[in-house]
Structure formats: structure tokens, C-alpha cells
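What follows is each chain in one-letter form.
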Amino acid sequence: MMKKRLGISLYPEYASDEQCMAYLETASNYGFSVLFLALLGIGKEKDCQAALCRYQRITSHAKKLGYEICADVNPMVFHTLGVNARFFEAPLDLGLFSKLQIDILRLDLGMSDLEEAYLSKNQEKIKICLNGASKNDHIGNVLGAGADAQMLLGCCNYYPHRYTGMSLPSFEQGAANWKKYNLRLMAFVSSNEPGAFGPWPVTEGLPTLEMHRDWNIRVQTKHYLLMDTVDDIMIGNCFASKEELSSMAEEAAAEKITFRARLAEGLPENMKQRLQMHLSVRGDQGEYLIRSLESRMLRTEVEPFHTVDIRPGDLLVDNKLYGQYAGEVQIALKDMKNSGKTNVVGHIHEEELALLPYLKGGQAFGFQFI
């Protein structure tokens, strides 16, 4: 897995400058480096110039902290701000966004392939962010229309309304298009902090994936890391807690994926030691088990212990009755009858079971005991 960038979102029309500045600084201290701003509501402001000044205070401070800034726009925002952004409205001029120190413009409402290709050639060198979730090969069409590939990236939407978020198959299909062209993709996780909000009155979380809506933010992050299709993992709502920021930073910086697990009561110390070894997934994967490479190298004898039937998410250590397999650490993917040769030594937290299918051959993994 490549290292991923982390980002936050801010909605200055619903928070004070002091709150926004403090959040930028806190997130920066944890290594967050991308800022998402929604400019969609700016046209509704009575004093558009005052709103722009407020945003400029935020973007100026963000730039001092090293953030790359992505702003959500649509044709109505262009019209309100007097920006010529259509190819028949030459000359193209995104200078206003340069003054705001915006690095990326995310098109909330898609334009034609030609218009999006035209925007990618702006003289201000502002990158253009397209819908990252399109199942058809929209990005291929835009590239075919002459777009500058180095100026394009994708961003999946976020969804405040429960049950409206993307399904996993739909997300994976859309993400595959960006992977095919080796282009950058952004997607959102959701803070679980009480009172966390987005740009609309509805505040039922702001994830990209519906399945993430009530997950711990650490698990949401791990899911994206394991899928390895998203380059920038963004928090859609604000303000995330320090604990959430810290947990995301820890996962993004980790050399291995760590699963929370409960150990079986009375587990002998020598079996616990095996779970704490450096472990990685065997390359010859099967459908019933995730098998580790290194665990059989520890030569202490493994006696039979807790040889109950096996369910998905169980942590397993084969005992001495399994001959040359004795000591092998495994994770169960399916229900299995236990012949008495396999010790059930723990169970992965239910919230993380959905992550198991993404473990690939050679991938390092470990356990945090809870």
C-alpha cells in the first residue's frame, strides 16, 4: 500500500474564524495536508464580497500550514462570482480562485466533456476535480476530448442523508476507472463526534460509502487503505475530535494493518506470543482461511486449547495434532467444523470483519488486544 494523504473539510459560514483556524492547526499537527471547502452556498450570501473575504482568511491560514486546498464549485458559483469558465465564454479566467489560493476546483455539477477538458488547461494551473464515482468511463471521455491528464483528479461525493450513500460495488466500479488511468482519487469518511456538521441542515454523517456511516473513523480509514484505490482520505464533516484525527494519522502511517481482537479466556502465553509476531499473508490464498507465513517458525509446542467450531473472524492457531502445520496463525473467513487440531484463540472485532477480504498476499498484519 502506498502512503495516503489525509484531509479535513471546513464550512466557514457555519463556524467562527477561531474555530476554523484552530481545527486547521490541530489537523496539521497530526499530518493532515488537504483542505476541502464548499463554495456552493456563497451565492446565497447577501454580501458575496464579505463571504469571499471570510474564505480568504481561512485559505491564507491554511496555506501557511501547508495545506492543498480543494473548493467545491458549480456553474451557478461561476456565474455568481463572474468567472468565465465555459469554452464559449473566452477568455478562460480562474484568477479569482488563484487569489483565494485554491489549488483544486471540484465540479459539483458535471459539465460537458469538452468544457471539462478546456478547464484543465487554465493558465492559473488550478487542477480540475471530476466526479470520481461515475460507473461509465467519463474520465476517459474527458481525456479523449484533449484534457491535460496532469491537471485532473477525481473526488467521490459525500452523503448526509442516511441510506443514500454509495454501495461498495458501485464505488469500486467507479474507482477502477481512475486506477486505470493512474489518476488521483479522493473520498470521504465521516466523524462520529456529536454535533459534527456539513454544509446542509441534514447531519446524519458525511461518508462516501453508506456502509461507513456508523463505523468508527479508524475502521473507515483502514477500509480505504486496504482497498488501495483512494489517494486522499477526507473527513467530510467537522469538527472531528483529536482522537479521531490521531487514529486516522496512526493508520495512514502504519507499516501494517492492525485488527482489534478479543482473546479467548485463559489463553496460554505461548499462543499469545504467536499473535504478537511479525505476521504477513501467504501468497497462495484460499477461500476459508487467511494464513500467515512466519508463525510456524516459533518452535514452542502448541497444545490443544479451546477447539470449538470455527466462525468467520476467529483467530486460529493449529495445535500439535496438525503435524507440520502446528503453530500456524490463521484468520477464519468462513464457518468450519473443528477437528480438534485447531485452537480458537480469539475473535476479531465485529466492526472489522468486512476488512478481511482485502488482505493480499505478502501484506503485513497484526492484532491489538481489547
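Up top you'll find the structure we're talking about.
The following paragraphs examine the structure supplied in this document.

As a further point, take the overall build of the protein chain. Counting its regular elements, the protein chain contains 10 helices and 15 strands. Taking the principal axes of the C-alpha coordinates as reference, the protein chain spans close to 75 × 45 × 35 Å. For the protein chain, the residues scored as buried account for 54% of the 370 residues in total. A fraction of 77% describes how many contacts in the protein chain between residues 6 or more apart in sequence connect residues 24 or more apart. Total accessible area on the protein chain is roughly 16,300 Å²; 51% of this is exposed by carbon and sulfur atoms. Of the side-chain charges in the protein chain, 39 are positive and 46 negative, and the distance between the mean point of each set is 3 Å.

What follows is about the side chain of Arg-274. Checked against the element boundaries, Arg-274 lands in helix H10 (residues 269–275). At 9.5 Å, Glu-301 is the nearest oppositely charged side chain to Arg-274, a buried residue that forms no salt bridge. Polar side-chain contacts of Arg-274 include one of 2.7 Å to the backbone oxygen of Thr-300. Of note is the side chain of Arg-274, whose polar atom sits 3.4 Å from the backbone oxygen of Gly-327.

For the rest of this paragraph, the subject is the sheet that holds strand S6 (residues 152–155). Spatial ordering of the closed barrel is given by S1-S2-S3-S4-S5-S6-S7-S8, a layout of eight strands whose pairing is parallel. This sheet shows a mean twist of 30° between the axes of neighbouring strands, independent of strand direction. Bridge count between strand S7 (residues 185–189) and strand S8 (residues 232–235): four bridges; the pairing is parallel. Across the sheet, the residue bridging to Met-186 is Asp-232, located in S8. Running at roughly 150° to S7, helix H7 (residues 168–180) makes contact with strand S5 (127–131), S6 and S7 of the sheet. Most of the contacts of helix H9 (residues 242–253) go to strand S1 (residues 5–10), to which it runs at about 155°, and overall it touches S1, S7 and S8.

Our next topic: the side chain of Glu-328. Among the secondary structure elements, Glu-328 is positioned in the loop between strand S12 (314–318) and strand S13 (329–332). Within the local environment of Glu-328, its side chain forms a polar contact with the side chain of Arg-296, the two groups lying 2.8 Å apart.

Further remarks concern the nonpolar core. Counting 113 residues, the largest nonpolar core has Ile-8, Leu-35, Phe-97, Leu-105, Phe-171, Ile-235 and Phe-367 as the members making the most contacts within it. A total of six residues in this core trace back to one element, the largest contributor, which is helix H8 (residues 217–227). The contacts of Phe-171, once residues within four sequence positions are left out, are Cys-156, Met-166, Ala-187, Thr-208, Leu-209, Tyr-224, Met-227, Thr-229 and Val-230. Ranked by size, the runner-up nonpolar core spans five residues in total, among them Leu-316, Ala-332, Met-336 and Val-344.

Interaxial distance between H7 and H8 falls to 13 Å at its minimum, and their mutual angle equals 45°. Compared by their axis directions, H7 and H8 come out oblique. As for the relative orientation of H7 and H8, their crossing is right-handed in sense. Touching Leu-168, Phe-171 and Glu-172 of H7 are His-223, Tyr-224 and Met-227, all from H8.

Attention now moves to the sheet that holds S13. Spatial ordering of the open sheet is given by S10-S15-S9-S14-S12-S13-S11, a layout of seven strands whose pairing is mixed. At either margin of the open sheet sits one strand with a lone partner, and together these are strand S10 (279–280) and strand S11 (289–291). With five bridges connecting them, S12 and strand S14 (residues 342–348) associate as antiparallel partners. The partner of Leu-315 across the bridge, within S14, is Gly-346.

What the rule picks out here adds up to 11 aromatic pairs. Seen in terms of ring centroids, Tyr-23 and Phe-239 are 4.9 Å apart; in terms of plane orientation they differ by 80°. Their pairing is edge-to-face. Remark: Phe-239 occurs in the loop between S8 and H9 and Tyr-23 occurs in helix H1 (residues 17–29); sequence separation between them is 216 residues. Here the basic side chain of Lys-334 rests over the ring of Tyr-288, its NZ or CZ set 5.0 Å away from the ring centre. Between Lys-341 and the ring centre of Tyr-322, over which it is positioned, the NZ or CZ distance is 5.1 Å.

Let's shift gears to the pairing of strand S2 (residues 34–38). Extensive coverage of S2 is indicated by the burial of five of its five residues. Burial along S2 is two-sided: Val-34, Phe-36 and Ala-38 facing one way and Leu-35 and Leu-37 facing the other are all buried. As judged from the four bridges shared by S1 and S2, these two strands associate in the parallel manner. When the bridges of S2 are listed, Leu-10 appears paired with Leu-37. When S2 meets strand S3 (residues 68–73), the two strands line up parallel, connected through five bridges.

Backbone torsion omega between Cys-238 and Phe-239 reads 10°, so that peptide bond is classified as cis. Look at Asn-182: it is not a glycine, yet its phi comes out positive at around 55°. Relative to the elements of secondary structure, Asn-182 occurs in the loop between H7 and S7. Within the chain, His-306 stands out as a residue other than glycine whose phi angle is a positive 50°.

Conventions and cut-offs
- Residues numbered from 1 in each chain as written.
- Predicted model: local features only at pLDDT ≥ 70, side-chain atom pairs only at ≥ 80, totals over all residues.
- Heavy atoms only, no water.
- Helix = DSSP H or I, 4+ residues; strand = E, 2+ residues; numbered from the N terminus.
- Buried < 20%, exposed > 50% of the residue type's maximum accessible area, 1.4 Å probe, protein only.
- Contact = heavy atoms within 4.5 Å.
- Areas by Shrake-Rupley, 256 points an atom, 1.4 Å probe, with all protein chains shown as cover.
- Lys, Arg positive; Asp, Glu negative; His and termini not counted.
- Charge placed at Lys NZ, Arg CZ, Asp CG, Glu CD.
- Salt bridge = Lys/Arg side-chain N within 4 Å of Asp/Glu carboxyl O.
- Polar contact = N/O pair within 3.5 Å; in protein donor to acceptor, adjacent residues only side chain to side chain.
- Pairing = 2+ DSSP bridges.
- Axes fitted to C-alpha atoms, helices over the stretch in contact; angles between N-to-C directions.
- Core = buried A, V, L, I, M, F, W, Y, C linked by side-chain atoms within 4.5 Å.
- Parallel < 35°, antiparallel > 145°, perpendicular 65-115°, else oblique.
- Left-handed = near helix turned anticlockwise from the far one by under 90°.
- Phe/Tyr/Trp six-rings, centres within 6.5 Å; stacked < 30°, edge-to-face > 60°.
- Lys NZ or Arg CZ within 6 Å of the ring centre and 35° of its normal.

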